[in-house]
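These are the residues of each chain, in order.
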Amino acid sequence: MALIEGFRVQNFRVLRDITIGKLWNQRSTPLTPLVAVIGKNGSGKSTLFDAFGFIADCLAYDVETACDLKQRGGFYVFGQWEFQEPIRFEIYYREAQVSVL
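Computed from a predicted structure; not experimentally measured.

**Student:** How do you make sense of the overall build of the protein when you look at a structure like this?
**Tutor:** Along the backbone of the protein there are three helices and three strands. Along the protein, helices and strands appear, N-terminal first, in the series β-β-α-α-α-β. Projected onto the principal axes, the alpha-carbon positions of the protein cover approximately 50 × 30 × 25 Å. Counting only contacts in the protein whose residues sit at least 6 apart along the sequence, the fraction spanning at least 24 positions is 58%. Carbon and sulfur atoms make up 55% of the accessible area of the protein, which amounts to about 7600 Å² in all. Taking the average place of the 11 positive charges on the side chains of the protein and the average place of its 11 negative ones, the gap between the two points comes to 9 Å.

**Student:** Looking at this structure, how should I read the side chain of D50?
**Tutor:** Tracing the backbone shows D50 in helix α1 (residues 45–60). Overall, the relative accessible area of 15% leaves D50 in the buried class. Within the local environment of D50, its side chain forms a polar contact with the side chain of R13, the two groups lying 2.8 Å apart. Look past the residues within four positions of D50 in its chain and what remains in contact with it is F12, R13 and R72.

**Student:** Looking at this structure, how should I read the state of the cysteines?
**Tutor:** A covalent bond bridging the sulfur atoms of two cysteines is what the word disulfide describes. Applying the stated criterion to the full structure yields zero disulfides. Of all cysteine sulfurs in the structure, the one in C67 sits closest to C58, which takes part in no disulfide; the separation is 6.3 Å. On the basis of relative accessible area, C67 is assigned to the buried category, the value being 1%.

**Student:** What is the right way to look at the nonpolar core in this model?
**Tutor:** The tendency in soluble globular proteins is for nonpolar side chains to be buried as a group. One finds F7, V9, F12, L15, L48, A51, F54, I55, A66 and C67 forming the largest nonpolar core, which totals 10 residues. Put simply, the parts of the chain that give this core at least two residues each are β1 (2–12), α1 and α2 (63–68). With four residues, α1 is the largest single contributor of residues to this core.

About the cut-offs
Residues numbered from 1 in each chain as written. Predicted model: local features only at pLDDT ≥ 70, side-chain atom pairs only at ≥ 80, totals over all residues. Heavy atoms only, no water. Helix = DSSP H or I, 4+ residues; strand = E, 2+ residues; numbered from the N terminus. Contact = heavy atoms within 4.5 Å. Areas by Shrake-Rupley, 256 points an atom, 1.4 Å probe, with all protein chains shown as cover. Lys, Arg positive; Asp, Glu negative; His and termini not counted. Charge placed at Lys NZ, Arg CZ, Asp CG, Glu CD. Buried < 20%, exposed > 50% of the residue type's maximum accessible area, 1.4 Å probe, protein only. Polar contact = N/O pair within 3.5 Å; in protein donor to acceptor, adjacent residues only side chain to side chain. Disulfide = S-S within 2.5 Å. Core = buried A, V, L, I, M, F, W, Y, C linked by side-chain atoms within 4.5 Å.

This is the structure in structure tokens:
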């Protein structure tokens, strides 16, 4: 199983450019197995979790289908968001060590 150590989201709904944890080119602290996301209402907490869901749906189906799922508004709504730059995701992970008994 892979352990996600860091995650970056750019231009996804209200998330302009956020990084949590460690990315490949940083010396930040990696994410732990339990992460708490705290913030004011409307600050993007739910959007952060939808970004994870969106990536999972893209991998399970395809991008256009993922845009249509879970009340995301459809493929063409993505082009009408506030940001004119492309949506980008970076996921930094490592494979978990498997112990053999």
